[in-house]
Amino acid sequence: MIYADNAATTPLDRDAFEVMCPFLLEYYGNASQPYSFSVAGKKALKQARKTIAHRIGALPEEIYFTSGGTESDNWAIKGIMAGSHGSMITSQIEHHAVLHACNAMERLGVRVEYLPADRNCVVQPEALKERITQNTRLVSVMMANNEVGSVQPIAELSRIAHENGALFHTDAVQAVGHMETDVNCLEIDMLSASAHKFNGPKGIGFLYIRKGTAIQPYADGGAQEAGLRAGTENVASIVAMAVALEKNCEHMQENQIRLRKLEQIMEDRLRAENIDFIRNGNRGIPGNISLSIRGAEGEMLLHRLDLKKIYVSTGSACDSKNTEISHVIKAMKVPDEYAEGTIRVSFGAGNTEEDAADIARALAEIMNGMK
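If you're wondering where the values come from, they're calculated on a predicted model, not measured in any experiment. (Residues numbered from 1 in each chain as written. Predicted model: local features only at pLDDT ≥ 70, side-chain atom pairs only at ≥ 80, totals over all residues. Heavy atoms only, no water.)

**Q** Even after reading the chapter, I still don't get a negative patch on the surface, so can you show me in this structure?
**A** Negative charge collects at one region of the surface, where Glu297, Asp336, Glu337 and Glu340 lie side by side. By secondary structure assignment, the location of glutamate 337 is in helix α11 (residues 336–339). (Patch = residues over 30% accessible without salt bridge, like charges linked within 9 Å, V, L, I, M, F, W, Y side chains within 5 Å. Areas by Shrake-Rupley, 256 points an atom, 1.4 Å probe, with all protein chains shown as cover. Salt bridge = Lys/Arg side-chain N within 4 Å of Asp/Glu carboxyl O. Lys, Arg positive; Asp, Glu negative; His and termini not counted. Charge placed at Lys NZ, Arg CZ, Asp CG, Glu CD. Helix = DSSP H or I, 4+ residues; strand = E, 2+ residues; numbered from the N terminus.)

**Q** What's the story with unusual backbone geometry in this structure? I'm lost.
**A** Phi is mostly negative for residues that are not glycine, and the peptide bonds are mostly trans. Even without a glycine there, the phi angle at asparagine 199 is positive, about 70°. Position of asparagine 199 among the secondary structure elements: in the loop between β7 (190–194) and β8 (205–209). Look at lysine 309: it is not a glycine, yet its phi comes out positive at around 60°. By the secondary structure assignment, lysine 309 is in the loop between α9 (298–307) and β11 (310–311).

**Q** Just checking my understanding: could you explain the pattern of salt bridges for this structure?
**A** Where charged atoms from two side chains of opposite charge approach closely, those side chains can pair. Evaluation of the coordinates by the stated rule reveals 20 salt bridges. Salt-bridge contacts for lysine 211 lead to glutamate 61; the nearest nitrogen and oxygen are separated by 3.6 Å. Pair noted here: lysine 211 is in the loop between β8 and α7 (235–250) and glutamate 61 is in the loop between α2 (39–56) and β2 (63–66), with a separation of 150 residues, a long-range link. When its relative accessible area of 42% is taken as the criterion, glutamate 61 is described as partly exposed. Taking the shortest distance from any N to any O, the salt bridge between arginine 229 and glutamate 71 comes out at 2.7 Å. Here the residue arginine 229 occupies a position in the loop between β8 and α7, and glutamate 71 occupies one in helix α3 (residues 69–81), the gap between them amounting to 158 residues. (Buried < 20%, exposed > 50% of the residue type's maximum accessible area, 1.4 Å probe, protein only.)

**Q** Explain the packing of aromatic side chains here, please?
**A** Each aromatic ring pair is described using two quantities: the centre-to-centre distance and the angle formed by the ring planes. Overall, the coordinates contain 4 aromatic pairs when judged by the stated rule. Between phenylalanine 23 and tyrosine 27, the aromatic rings sit 5.9 Å apart at their centres with planes inclined by 50°, giving tilted as the arrangement. A relative accessible area of 38% places tyrosine 27 in the partly exposed class. Relative to tyrosine 218, the ring of tryptophan 75 lies with its centre 6.2 Å away and its plane at 50°, an arrangement referred to as tilted. Pair noted here: tryptophan 75 is in helix α3 and tyrosine 218 is in the loop between β8 and α7, with a separation of 143 residues, a long-range link. Within the aromatic cluster, the residues linked to one another by ring pairs are Tyr64, Trp75 and Tyr218. (Phe/Tyr/Trp six-rings, centres within 6.5 Å; stacked < 30°, edge-to-face > 60°.)

**Q** For this particular structure, what's the right way to read helix α12 (residues 353–369)?
**A** An α-helix turns once every 3.6 residues. As a result, residues three or four positions apart point the same way. In this model, α12 (17 residues) spans 24 Å end to end at C-alpha, consistent with the 24 Å of a helix rising 1.5 Å per residue. Looking at the buried positions of α12, the neighbouring elements they touch are β1 (2–3), α8 (252–272), β10 (288–293), α9, β11 and β12 (342–346). (Expected span 1.5 Å × (residues − 1). Contact = heavy atoms within 4.5 Å.)

**Q** Help me understand α8, please; the structure alone is not making it clear to me.
**A** The terminal C-alpha atoms of α8 lie 30 Å apart, and with 21 residues this matches the ideal 30 Å at 1.5 Å per residue to within 8%. Listed in full, the buried residues belonging to α8 are Met252, Leu259, Leu262, Glu263, Ile265, Met266, Glu267 and Leu270. Buried positions along α8 lie against α7, β9 (277–280), β10, β12 and α12. Count one or two residues on from α8 and you reach asparagine 274, which has phi positive near 60°.

**Q** Honestly, the environment of asparagine 199 in this entry has me stumped. Any pointers?
**A** Judged by its relative accessible area of 10%, asparagine 199 is buried. In the structure, asparagine 199 is positioned 187 residues away from leucine 12 in sequence and 4.7 Å away in space, judged by C-alpha atoms. Within polar-contact distance, the side chain of asparagine 199 engages the backbone oxygen of proline 11 at 2.9 Å. (Polar contact = N/O pair within 3.5 Å; in protein donor to acceptor, adjacent residues only side chain to side chain.)

**Q** Quick question: what am I supposed to make of the nonpolar core here?
**A** Across soluble globular proteins, nonpolar side chains have a tendency to be buried as a group. One finds Ile63, Phe65, Val139, Met143, Ile188, Leu191 and Phe206 to be the most contacted residues of the largest nonpolar core, which totals 68 residues. Counting residues per element, this core draws most heavily on α7, which supplies 10 residues. Apart from residues lying up to four places away in sequence, phenylalanine 65 is in contact with Leu45, Ala48, Arg49, Ile52, Gly205, Phe206, Glu225, Arg229, Ile238 and Met241. Of all hydrophobic cores here, the second largest spans 30 residues; its members include Leu259, Met266, Leu301 and Ala360. (Core = buried A, V, L, I, M, F, W, Y, C linked by side-chain atoms within 4.5 Å.)

Listed below in structure tokens is the structure:
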């Protein structure tokens, strides 16, 4: 079988898995307890926080462990905007974790502006300049789009936000571990990440919060995470997340080169088979390929490929049961005759050149069989 849906989730790295085991079977004590049996957990948490902070240019005390990207996005938005008299700005191409959190704020009376994206799925800084006001409390724009891989001009957007007295948050779930990310160079106030997108375990992530940022706690209870996110720490998953991130970052450049080659092989093979398609986005995140094939239906392509044991998606995994054209493809104004035939192929560590060629060959067989 060929698994090519790594933007939805990635397989757990073996080194990350192995580092989990001792904290599940041997050092299982609650890291918040004062006795010696909990020392191993405390030390592991401290080291993991330090490792993760180093990889994004942060301070260890600016890393807060969460259950994943969705919680991190919700906390960043609700923790700033709940009870605020200000407004916020986001974009039309965000993940639903951001969009639905914004909808929740709107129901509480918060005014939310939604910036458009261009044909390449990029939010232009000029659009933010036109909409932002002195009343804007928060700007939230994703670093890389989950459906088409387009990378956003985060440094410019954050600068505009700060010039107008607003905080800047980015959903970097698709970016962390796959592209260089430095919160200081980009002048980010908050950043969301999720371990299972870079070969860590599911159910764990983190929110970077710049020191001095006034944010409300996400959960009330114990004093974990500096009193801002209560709940017993998931030590095993946290240490695995740190190992997976460290490993991905160490091999980032070679991974990018390899994934770009797989992209090119698949596209070249599709063109050689005379398949009429559009490549969506600005070729941002390596290996994330959104294809809109003329005269096809994305759901049909997904199921036909499934029969061949090739696993891709029609866009966001969170929308996999929704057969409508995604909000991202609509925002990009992809022509209808192409938009309906959109699929996302996202390569990862386990994919080969043969996989890329086989996916193109399978798509050609499906499309030629329809003629």
